[in-house]
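Single-letter residue listing:
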Amino acid sequence: MKMRLHIKYEISKYKIYNEDDQLICTVRKKLSAGNELTVICPDRDREYTVTHSDGAIRISGDGMETLHCAVRYQSNADGRQEAYWRPAMAEETEIMTGCGRLSVRQTRNRTFEILLNDRKTGEIRRMMSIHKEMCLENDVPEWYAGLIFAAAFFMLHDDDMEIV
């Protein structure tokens, strides 16, 4: 059985709700924090920070071990980028959790697959929209939704280019 989660944008934060419109967690982005998101899980009384830099995602918080997750990037068979002006797209990151190895994979059309121990257990659709949708199987705790969304958010925006 799958649970459907809805991700709604508000100014400088995303709120993740379950099918019963109960708040699961909030993913907050401070404008001055750069590549850092704060995930707040009110029902578990937990808050942690997800930071992205130099091809890695770091997860840290009070009372938890800091996790470092490498981000793998797209390349063709020769290991070259498609074009000099386009950065390589982030394709996958893995996070070791209490449930096992959780993988977040970005596809070319900017949808995300969620895998638990190499078995597909969910997806995120409409990442480019204001209202995003996440589906997770019941073997993934719903409070992992904030962590999964934060990793997908950083992967989605990893190849953004700023034009000055």
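Here, the structure is the one placed above.
Calculation criteria
- Residues numbered from 1 in each chain as written.
- Predicted model: local features only at pLDDT ≥ 70, side-chain atom pairs only at ≥ 80, totals over all residues.
- Heavy atoms only, no water.
- Pairing = 2+ DSSP bridges.
- Helix = DSSP H or I, 4+ residues; strand = E, 2+ residues; numbered from the N terminus.
- Axes fitted to C-alpha atoms, helices over the stretch in contact; angles between N-to-C directions.
- Salt bridge = Lys/Arg side-chain N within 4 Å of Asp/Glu carboxyl O.
- Buried < 20%, exposed > 50% of the residue type's maximum accessible area, 1.4 Å probe, protein only.
- Contact = heavy atoms within 4.5 Å.

*Asks:* Sorry if this is basic, but what is going on with the sheet that holds strand E1 (residues 2–10) here?
*Replies:* In any sheet, the strands associate via hydrogen bonds between backbone groups, in a parallel or an antiparallel arrangement. Spatial strand order, E1-E2-E3-E4-E5-E6-E7-E8-E9-E10-E11-E12: 12 strands in a closed barrel with antiparallel pairing. Strand-to-strand, the axes of this sheet are offset by a mean angle of 20°, without reference to chain direction. Alignment of strand E4 (residues 36–41) against strand E5 (residues 46–53), held across 6 bridges, turns out to be antiparallel. When the sheet's bridge partners are listed, Glu 36 is paired in E5 with Thr 51.

*Asks:* How should I be thinking about the pattern of salt bridges in this particular structure?
*Replies:* Side chains that differ in sign of charge can pair as their charged atoms come close. Applying the stated criterion across every chain yields a total of 13 salt bridges. Residue Arg 105 is joined to Glu 92 by a salt bridge in which the shortest nitrogen-to-oxygen separation is 3.0 Å. With Arg 105 in strand E9 (residues 100–106) and Glu 92 in strand E8 (residues 90–97), this pair connects stretches of sequence that are 13 residues apart. Arg 105 gets classed as partly exposed once you look at its relative accessible area, which sits at 29%. In this structure, Asp 118 engages Arg 101 in a salt bridge whose closest nitrogen and oxygen atoms are separated by 2.4 Å. Taken as a pair, Asp 118 in the loop between strand E10 (112–116) and strand E11 (119–125) and Arg 101 in strand E9 lie far apart in primary sequence, 17 residues in all. Arg 101 gets classed as partly exposed once you look at its relative accessible area, which sits at 23%. Residues participating in the shared-partner salt-bridge network are Arg 4, Lys 120, Glu 123, Arg 125, Arg 126 and Glu 133.

*Asks:* Hey, could you run me through the environment of Thr 26 in this one?
*Replies:* Along the polypeptide, Thr 26 turns up in strand E3 (residues 23–28). Accessibility expressed as a relative area gives 10% for Thr 26, which makes it buried. Sequence separation of Thr 26 and Ile 7 is 19 residues, and the distance between their C-alpha atoms is 9.3 Å. Not counting residues within four places of it along the chain, the set of residues in contact with Thr 26 comprises Lys 13, Tyr 14, Lys 15, Thr 38, Val 39 and Ile 40.

Keep in mind that these numbers describe shape and distance, not what the molecule does.
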